[in-house]
Amino acid sequence: MTMKSKDNRNPSFRTKAIHHRKDFIGGTGSLMPPIFQTSTFEFGNKDAFDYTRSGNPNFRILESLLNSLEESNYCTVFNSGISAITAIASSLKSNDIILCEKNLYGCTIRLFEQVFKKFGIKSQFIDFTNSESYKTIDELNPQLIWIETPTNPLLKIVDIKNVCLEANKKGIPVVVDNTFCTSYIQKPIELGATLSLISTTKFINGHSDALGGAVMTMDKAWNDKLKFAQKSLGLQPSPMDCWLTTRGVKTLPLRIEYQSNSAENIASKLLNHPLINTLNYPFLRTHSSKEIAKKQMRLGGSMITMKLKLNKEETFLFCKKLKFFTLAESLGGVESLVSHPSTMSHASVDKKTKESIGITDSLIRFSIGCEDSDDLFYDLKQALDQFK
Ligand SMILES: *Cc1c(COP(=O)(O)O)cnc(C)c1O
């Protein structure tokens, strides 16, 4: 949706996040859209809706909103991030290769290795933070390149622009899983990606009460494939979840900005705590790829990972001593969460692979929420101090 004002200024992200399309109003003046809780539509309607598996006004409102935020041409929404990933991978065929960053979200690896592999779609995993890895692009000539940055949970930073430059030379589409940043912090399409994917379950919705996924692109042919997958695989979201997400995204800039500043502040204050072996935060001076992070990200995000000088049982005990951090899967909500990746988000990845990429038993991941930053800092500090 273009929303140029009379003086020809383009509205900023914050404004666009709040002003979604209004063509649902009819004569009512309603500010918020209704929930179009319908499975079917009268044949021959002007907007060509037929059945909610292949489209619904609540999908359309959310799609046009996410499109305007990413500044892309097309968006398709799904019932989860994993459904969005399924939609993209299902466009491949037997013997095609997906060349992946080796530290992907655990369930993405599980989907590729335990589901799509059975249908002959191969996945290979390399370290995209090492530019030597670009040789593998030449050698393998994959059908798709799949990266995530910052990675979950290690917060490695992949140079999106460089990977896309390499891939585009050979016409290989690049998928960027942008869940940890959203288009507020990082714009994969602008950096050369073909597809920008988001689990809207996390920051976009932000209130831990709906699941969803979205894929944005400039390419109509790709969007046609995604819309085809949405209806033919039954990957569509519910109208209610789209409605909640449309409401949630209005405060995304406010939330993510406060959460990121809070995370950066907490990370820098905890950096030298004696119980912490290593602490990762993309914008911290100690992060090995902070220059790339600062080049492609507007903010450092609200995720922090640490390796503690504790064994597995003690690490779990540490998590339990926190007052304001709930031990739970997920991230990006208004409430702070702590997770133990090796037994939670990456439980399905085999032990050898986990250890080879650094997901050990003493690794914990924090999602900094919207609580007061000092309250969170002192909560972390009291728990760390108990193990001195
Ligand atoms: C959570 C997550 C997903 C999957 O999204 P769901 O909505 O849980 O299916 C994909 N990628 C990343 C990076 C995630 O954190």
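Residues numbered from 1 in each chain as written. Predicted model: local features only at pLDDT ≥ 70, side-chain atom pairs only at ≥ 80, totals over all residues. Heavy atoms only, no water.

K.L.:
Mind laying out the environment of Gly300, listing which residues take part and the relevant values?
P.N.:
On the secondary structure map, Gly300 appears in the loop between α11 (290–296) and β9 (303–308). Separated by 173 residues in sequence, Gly300 and Asp127 place their C-alpha atoms 21 Å apart. (Helix = DSSP H or I, 4+ residues; strand = E, 2+ residues; numbered from the N terminus.)

K.L.:
Could you give me a rundown of the sheet that holds strand β10 (residues 326–327), with the residues and numbers involved?
P.N.:
Strand pairing within a sheet occurs via backbone hydrogen bonds; the two strands may be parallel or antiparallel. Reading across from one edge, β8-β9-β12-β11-β10 is the order of the five strands in this open sheet, with mixed pairing throughout. Bordering the open sheet on either side are β8 (276–280) and β10, each of which pairs with just one other strand. Packing of helix α10 (residues 252–270) onto the sheet brings it into contact with β8 and β9, and relative to β9 it is tilted by some 20°. Contacts from helix α12 (residues 312–320) reach β9, β10, β11 (337–339) and β12 (363–367) within the one sheet, and its direction differs from that of β12 by about 20°. (Pairing = 2+ DSSP bridges. Contact = heavy atoms within 4.5 Å. Axes fitted to C-alpha atoms, helices over the stretch in contact; angles between N-to-C directions.)

K.L.:
I'd love a proper account of the sheet that holds strand β4 (residues 144–148), names of residues and values included.
P.N.:
One open sheet holds the seven strands; their spatial order is β1-β7-β6-β5-β4-β2-β3, and the pairing between them is mixed. With partners counted over all chains shown, the strands left at the sheet margins are β1 (74–78) and β3 (122–126), one partner each. Strand-to-strand, the axes of this sheet are offset by a mean angle of 20°, without reference to chain direction. Judged from the five bridges that link them, strand β2 (residues 97–101) and β3 form a sheet pairing that is parallel.

K.L.:
Can you break down the pairing of β4 residue by residue, with the values?
P.N.:
In terms of burial, β4 is a largely internal element, five of the five residues being buried. Side chains Leu144, Trp146 and Glu148 project from β4 onto one buried face, and the interleaved Ile145 and Ile147 project onto a second face that is buried too. For β2 and β4, the ladder comprises three bridges, and the chain directions are parallel. When the sheet's bridge partners are listed, Leu99 is paired in β4 with Ile145. Across four bridges, the pairing between β4 and strand β5 (residues 174–177) is parallel. Its bridge partner being in β5, Ile145 is matched across the sheet by Val174. Note that the unit made of β4, helix α6 (residues 160–169) and β5 has a crossover that is right-handed. (Buried < 20%, exposed > 50% of the residue type's maximum accessible area, 1.4 Å probe, protein only. Right-handed = clockwise from strand over helix to strand, strands pointing away.)

K.L.:
Hey, could you go over the environment of Lys93 for me, with residue numbers and the actual values?
P.N.:
By the element assignment, Lys93 lies in the loop between α3 (81–89) and β2. Residue class for Lys93 comes out exposed when judged on its relative accessible area of 56%. Through-space distance from the C-alpha of Lys93 to that of Lys22 is 40 Å; in sequence the pair is 71 residues apart.

K.L.:
How would you sum up the pattern of salt bridges? Please name residues and give values.
P.N.:
Applying the stated criterion across every chain, the model contains 20 salt bridges. A salt bridge links Glu132 to Lys135; the nearest nitrogen and oxygen atoms lie 2.9 Å apart. Judged by its relative accessible area of 48%, Lys135 falls in the partly exposed class. Put simply, Arg21, Asp23, Lys46, Asp47 and Arg60 are held in one network by salt bridges that share partners. (Salt bridge = Lys/Arg side-chain N within 4 Å of Asp/Glu carboxyl O.)

K.L.:
Give a description of unusual backbone geometry that names residues and reports values.
P.N.:
Here the bond from Thr149 into Pro150 is cis, since omega is -10°, no more than 30 degrees from zero. Following the sequence through the fold, Pro150 ends up in the loop between β4 and α6. Residue Pro153 is bonded to the preceding Asn152 through a cis peptide linkage, with omega at 5°. As for its placement among the helices and strands, Pro153 is situated in the loop between β4 and α6. Non-glycine residue Glu71 carries a positive phi angle of around 60°. Residue placement: Glu71 occurs in the loop between α2 (57–70) and β1. Its relative accessible area of 49% is what places Glu71 among the partly exposed residues. Here the phi dihedral of Thr182 falls at roughly 65°; this positive angle occurs in a residue that is not glycine. With respect to the element layout, Thr182 can be found in helix α7 (residues 182–185).

K.L.:
Describe in detail the site of the ligand, supporting the description with residues and values.
P.N.:
Taken together, 14 residues surround the ligand, and among them Gly81, Asp177, Ser199, Thr201 and Lys202 come closest. In the environment of the ligand, a nitrogen atom lies 2.7 Å from a nitrogen or oxygen atom belonging to the side chain of Asp177. Taking 380 Å² as the accessible area of the ligand by itself, protein coverage stands at 93%. Among the residues making up the shell around the ligand, the classes are represented as four nonpolar, seven polar and three charged. (Near = heavy atom within 4 Å. Polar contact = N/O pair within 3.5 Å; in protein donor to acceptor, adjacent residues only side chain to side chain. Areas by Shrake-Rupley, 256 points an atom, 1.4 Å probe, with all protein chains shown as cover. Nonpolar A, V, L, I, M, F, W, Y, C, P; charged D, E, K, R; others polar.)

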